[in-house]
Structure formats: structure tokens, C-alpha cells
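Structural overview for review
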Amino acid sequence: MPESMSKTARLRISRGCQGEARHYDNFEVPYEDGMSVLDALRWIRTHLDSTLAIRYSCINANACKTCMALVNGEVEYTCIAKLTPGVITVEPLPKRPLIRDLVTDIVPEDEKL
């Protein structure tokens, strides 16, 4: 496929901090078959907006479950959720205290100091 006809995906990402009014930012990312939503989020941080707050640790820390978010209204691991052409809405987990953007407090209450 010619470069000018490459596929894109659009992410509509919930932004803001605890106590602030939430808003959505829209980002267009290059799309290739097999990409995950986490791949797109990392691409956005690298190429478009380094202030986007996301959490993941599957790359180096050998710890899973930190990348969970709402993807099109469903709780998903963003590293497993497949990116598709078109619009994908990504929001923080709804029943966790918000820290910023897609990052929520994931530490159980009984483990906090």
C-alpha cells in the first residue's frame, strides 16, 4: 500500500486530574494489523503528547494488570485490546480513585500505609 494511503486509528482519550472537570483529547495514530491500544498510547506519548499519563509495566517489570482501562466502555488490558481503524474511546477505570488521565490508584485499601 502506498505511504499516502496508510491506515490510521483515532483515540479519544479522557484527560484531567482528580477534582478537575474531565475532557477528551483526540489523537490520530498510524495503524498496523496486530497493534494493541497500549501500542497506540505509547506512540502518542512518544510522538504527540508526552504529558499523557498512562500506566503499564509489562515491558520491563514483569508485572501485569497495571494497564487496565475502559476501552469503548469495557474494562480491558490495553496491552491485549486490539487497535482497530476508526475511533476508540479510552477512559480510566470507573471504580478507582483517579490520579491523572488514565492512571488510577490501584493499590488495595488494606495495603496502603
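Residues numbered from 1 in each chain as written. Predicted model: local features only at pLDDT ≥ 70, side-chain atom pairs only at ≥ 80, totals over all residues. Heavy atoms only, no water.

1. Structural notes on the packing of aromatic side chains
This is how it is decided: Here a Phe, Tyr or Trp ring, Trp counted by its six-membered ring, pairs with any other such ring whose centre lies within 6.5 Å, and the pair is stacked when the planes are under 30 degrees apart, edge-to-face when over 60, and tilted otherwise. A ring has a charge above it when a Lys NZ or an Arg CZ is no more than 6 Å from the ring centre and no more than 35 degrees off the ring normal.
If you walk through the whole model with that rule in mind, you get zero aromatic pairs. One residue, Arg-12, lies across the ring of Tyr-24, its end atom 3.6 Å from the ring centre.

2. Focus: the pattern of salt bridges
Note the following rule: For this analysis, a salt bridge means a side-chain nitrogen from Lys or Arg found within 4 Å of a carboxyl oxygen belonging to Asp or Glu. Helix numbers and strand numbers start at the N terminus; a helix is a DSSP run of H or I with at least 4 residues, a strand a run of E with at least 2. A 1.4 Å probe rolled over the protein chains alone gives each residue an accessible area, and that area as a share of the maximum for its type sets the label: buried under 20%, exposed over 50%, partly exposed in between.
What the rule picks out here adds up to six salt bridges. For Asp-25, the salt bridge identified is with Arg-15, shortest N-O distance 3.1 Å. Remark: Arg-15 occurs in strand E1 (residues 8–15) and Asp-25 occurs in strand E2 (residues 23–30); sequence separation between them is 10 residues. Judged by relative accessible area, Arg-15 falls into the buried class, the value being 6%. Note that Arg-15 and Asp-49 form a salt bridge whose closest N and O atoms lie 2.9 Å from each other.

3. Overview of the pairing of strand E5 (residues 86–91)
We count it as follows: The rule for pairing is simple: two strands pair if DSSP sees at least two bridges between them.
Of the pairings in the sheet, the one linking E1 to E5 comprises five bridges and is parallel in character. Each residue of the ladder has a partner; that of Leu-11, found in E5, is Ile-88.

4. Brief notes about the nonpolar core
Threshold: Buried residues of nine kinds, namely Ala, Val, Leu, Ile, Met, Phe, Trp, Tyr and Cys, make up a nonpolar core once their side-chain atoms join them within 4.5 Å. Residue contacts are defined here by distance: any two heavy atoms, one from each residue, within 4.5 Å place the two residues in contact.
If you look at the biggest cluster of nonpolar residues, it comprises 21 residues, and the most contacted ones within it are Leu-11, Ile-13, Val-37, Leu-41, Leu-83 and Val-90. For this core, the elements supplying multiple residues, two or more each, are E1, E2, helix H1 (37–47), strand E3 (68–71) and E5. With five residues, H1 is the largest single contributor of residues to this core. Beyond its immediate stretch of four places on either side in the chain, Leu-11 contacts Asp-25, Asn-26, Phe-27, Val-29, Val-37, Ala-40, Leu-41, Ile-44, Leu-83, Ile-88 and Val-90.

5. Quick word on H1
The condition that has to hold: Along the arc lie the directions from the helix axis toward the C-beta atoms.
For H1, the set of buried residues is Val-37, Leu-38, Ala-40, Leu-41 and Ile-44. Relative to the axis of H1, the buried residues are bounded by an arc of 160° and lie together on one face. Buried residues along H1 sit against E1, E2, E3 and E5.

6. As for unusual backbone geometry
Here Asn-72, not a glycine, exhibits a phi torsion of approximately 50°, which is positive. Topologically, Asn-72 is positioned in the loop between E3 and strand E4 (74–77). At Asp-101, a position not held by glycine, the phi torsion is positive, near 55°. Summarising the element assignment, Asp-101 is placed in the loop between strand E6 (98–100) and strand E7 (103–104).

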